[in-house]
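Below are the chains, spelled out letter by letter.
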Amino acid sequence: MAKYVLWGTYCDNVEEKRAPHRQAHLDGLKAQKESGILVTIGPTRDLRQVFAIYDAPDQDTVEKLVQGDPYWQNGIWTEYEVKEWIQAF
């Protein structure tokens, strides 16, 4: 499988706006991690961006996971970009 990186942005007032969706978001990420497709994910310290690495069969799979996430569906993530990544080391 190929590796993919995701960079996305958060909405303003993210800590307040994410609260009602946070548990569903974390549950989904846990399932992705347990299945092996999600390598890592997390926000930047300033809570302006999110970064993730996926081990997936194709980019479409990653984009479907992002679009199915409660943070995307509820405007917590405001935009994202997925790129295939060549892991050199």
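As the structure is a prediction and not an experimental result, all values here were calculated from the model. (Residues numbered from 1 in each chain as written. Predicted model: local features only at pLDDT ≥ 70, side-chain atom pairs only at ≥ 80, totals over all residues. Heavy atoms only, no water.)

A. Expanded view of the nonpolar core. The biggest cluster of nonpolar side chains holds 19 residues, and the ones touching the most others in it are Tyr-4, Leu-6, Tyr-10, Tyr-54 and Val-62. Elements with a contribution of two residues or more to this core: β1 (2-10), β3 (49-56), α3 (59-68) and β4 (77-85). If we skip the residues at most four places from it in the chain, Tyr-4 touches Ala-52, Ile-53, Tyr-54, Ala-56, Pro-57, Asp-58, Gln-59, Val-62, Val-82, Lys-83, Glu-84 and Trp-85. (Core = buried A, V, L, I, M, F, W, Y, C linked by side-chain atoms within 4.5 Å. Buried < 20%, exposed > 50% of the residue type's maximum accessible area, 1.4 Å probe, protein only. Helix = DSSP H or I, 4+ residues; strand = E, 2+ residues; numbered from the N terminus. Contact = heavy atoms within 4.5 Å.)

B. Examining the pairing of β1 more closely. Inspection of the sheet shows β1 paired to β3 by 8 bridges, in the antiparallel sense. What sits directly across from Trp-7, in β3, is Phe-51. As judged from the 8 bridges shared by β1 and β4, these two strands associate in the antiparallel manner. Bridging from a neighbouring strand, Gly-8 pairs with Tyr-80 of β4. (Pairing = 2+ DSSP bridges.)

C. Broad picture of the packing of aromatic side chains. Counting across every chain of the model gives 3 aromatic pairs. Considering the side-chain rings of Trp-7 and Phe-51, the 4.9 Å spacing of their centres and the 50 degrees angle between planes classify their relative orientation as tilted. One end of the pair, Trp-7, is in strand β1; the other, Phe-51, is in strand β3, and 44 residues separate them in sequence. Classification of Trp-7 by relative accessible area gives partly exposed; the value is 40%. Judged by centre distance (4.9 Å) and plane angle (85 degrees), the rings of Trp-72 and Tyr-80 are edge-to-face. The class of Trp-72 is partly exposed, set by a relative accessible area of 27%. (Phe/Tyr/Trp six-rings, centres within 6.5 Å; stacked < 30°, edge-to-face > 60°.)

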